[in-house]
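# An overview of the molecular structure
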Amino acid sequence: KILTSDFATESEVTTVPTAVKTLAVSTDGKILAAGATDGHILIYDLDDPTKAPTEIERDDLMQFPVNDLHFSHSGTYLGVGGFDRNTGMGYVMIWDMQQKAIFGPVLRGFTSSVTERACSPDDKIVAASSRDNTVRIWQMDEDGIFDIPIVLDDHKDWVWDIAFDPTGKQLFTASADGLIRRFPIDITEMAEQLCDRLDRNLTEFEWRQFFGKSNEIPYQETCPGK
């Protein structure tokens, strides 16, 4: 049930017809999303919570329990994280609240359940943590195109929670191994840190191995001066 509370007084607003595991409220405070262990995702209008909720329709929803919901900062998207009941593998889905459709592909690659999902302050980076000891990071744009993910696999145990800093250039992770870690996710900063550890650039032969023919992507020094 959803209840309103005025100090010690509660009143019932609506009854939720399923076992809810996670909630998210849009940045304007007008929409409440509820994710359930049976895969249902219900959308409530907080201006009139007694009105029947709308439901995000998914094929075989009973197969995809929901562990986490987060609205983007713009309120345009609802991020969903959970797992496939048949395989145990995690997934991330981005739902377009305006178009009422899945935005981009369903993001996979996890070998265990997704525990938490977050987006950067500018909503251009999506990150998700998992019980497989990893965090995956995708870049997205208005066309729904996602890059191959950056995988952070430094954790020795489940990753329970993640959070971006206000600049969107750093990601913090909380792991069951007892450590809170900080990762730079700005590409320029990551490159600078890598170059500090390297004593040379790629050879032209190595460049061709990783990037193809030189006439497609011309050779360049990735760490100038080394």
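See above for the structure.
Figured I'd write up the structure that's included with this text. As the structure is a prediction and not an experimental result, all values here were calculated from the model.

Procedures and definitions
- Along each chain, numbering runs from 1 in the same order as the chain's sequence is written.
- Whole-chain, interface and lining totals are the exception, using all residues; otherwise, since this is a predicted model, local features are given only for residues with pLDDT of at least 70 and side-chain atom pairs are given and counted only at 80 or more.
- Each side-chain value is worked out from all heavy atoms of the structure, with water and hydrogens disregarded.
- Aromatic rings from Phe, Tyr and Trp, with only the six-membered ring used for Trp, were paired whenever their centres fell within 6.5 Å, and each pair was classed as stacked if the ring planes differed by under 30 degrees, edge-to-face if by over 60, and tilted otherwise.
- The way it works is that DSSP assigns letters per residue, a run of H or I at least four long becomes a helix, a run of E at least two long becomes a strand, and they are numbered from the N terminus.
- Buried, partly exposed and exposed residues are distinguished by accessible area as a fraction of the type maximum, computed with a 1.4 Å probe on protein chains only: under 20%, between the cut-offs, and over 50%, respectively.
- Here, any two strands with at least 2 DSSP bridges between them count as paired.
- The axes are straight lines fitted to the C-alpha atoms, using for helices just the contacting stretch, and the angles between their N-to-C directions are given from 0 to 180°.
- Within this scheme, the nonpolar core is defined by two criteria: the residues are buried Ala, Val, Leu, Ile, Met, Phe, Trp, Tyr or Cys, and they are joined through side-chain atoms within 4.5 Å.
- In what follows, residue pairs with any heavy atoms lying within 4.5 Å of each other are defined as contacts.

### As for the packing of aromatic side chains
- The final tally for this structure, using the stated rule, is six aromatic pairs.
- Ring centres of Tyr77 and Phe103 lie 4.6 Å apart, and the angle between their planes is 40°; this geometry places the pair in the tilted category. Of this pair, Tyr77 sits in strand E8 (residues 77-83) while Phe103 sits in the loop between strand E10 (101-102) and strand E11 (114-119); the two residues are 26 residues apart in sequence, bridging distant segments of the chain. Comparing Tyr77 with Phe103, the two get one shared label, buried.
- Judged by centre distance (6.0 Å) and plane angle (65°), the rings of Phe110 and Trp138 are edge-to-face. Of the two residues, Phe110 is situated in the loop between E10 and E11 and Trp138 in strand E13 (residues 135-139); the sequence distance between them amounts to 28 residues.
- For Phe110, a relative accessible area of 1% puts it in the buried group.

### Side note on the sheet that holds E11
- Taken together, four strands build an open sheet; the order of strands is E11-E12-E13-E14 and the sheet is antiparallel. Taken across any chain shown, the strands that pair with only one partner, and hence form the sheet edges, are E11 and strand E14 (150-152). This sheet shows a mean twist of 20° between the axes of neighbouring strands, independent of strand direction.
- Both E13 and E14 contribute to a ladder of three bridges, which runs antiparallel. Along E14, the bridge assignment pairs Ile137 with Ile150.

### Some points on the nonpolar core
- Ranked by size, the top nonpolar core spans 15 residues in total, and within it Ile41, Ile43, Ile56, Leu69, Leu78, Val80 and Met93 carry the most contacts.
- Those elements that provide at least two residues to this core are strand E5 (41-45), strand E7 (66-71), E8 and strand E9 (90-96).
- Discounting chain neighbours no more than four positions away, the residues touching Met93 are Ile41, Ile56, Arg58, Leu78, Gly79, Val80, Ile102 and Val106.

### Looking at the pairing of E8
- Burial analysis of E8 places six of its seven residues in the buried class, the great majority of the element.
- Here E7 runs beside E8; their pairing, made up of five bridges, is antiparallel. What sits directly across from His70, in E8, is Gly79.
- Pairing of E8 with E9, which is carried by seven bridges, proceeds in the antiparallel orientation. Considered in E9, the bridge of Gly79 is made with Ile94.
- Count of turn residues in the E8/E9 antiparallel hairpin: six residues, of which Gly88 carries a positive phi of about 80°.

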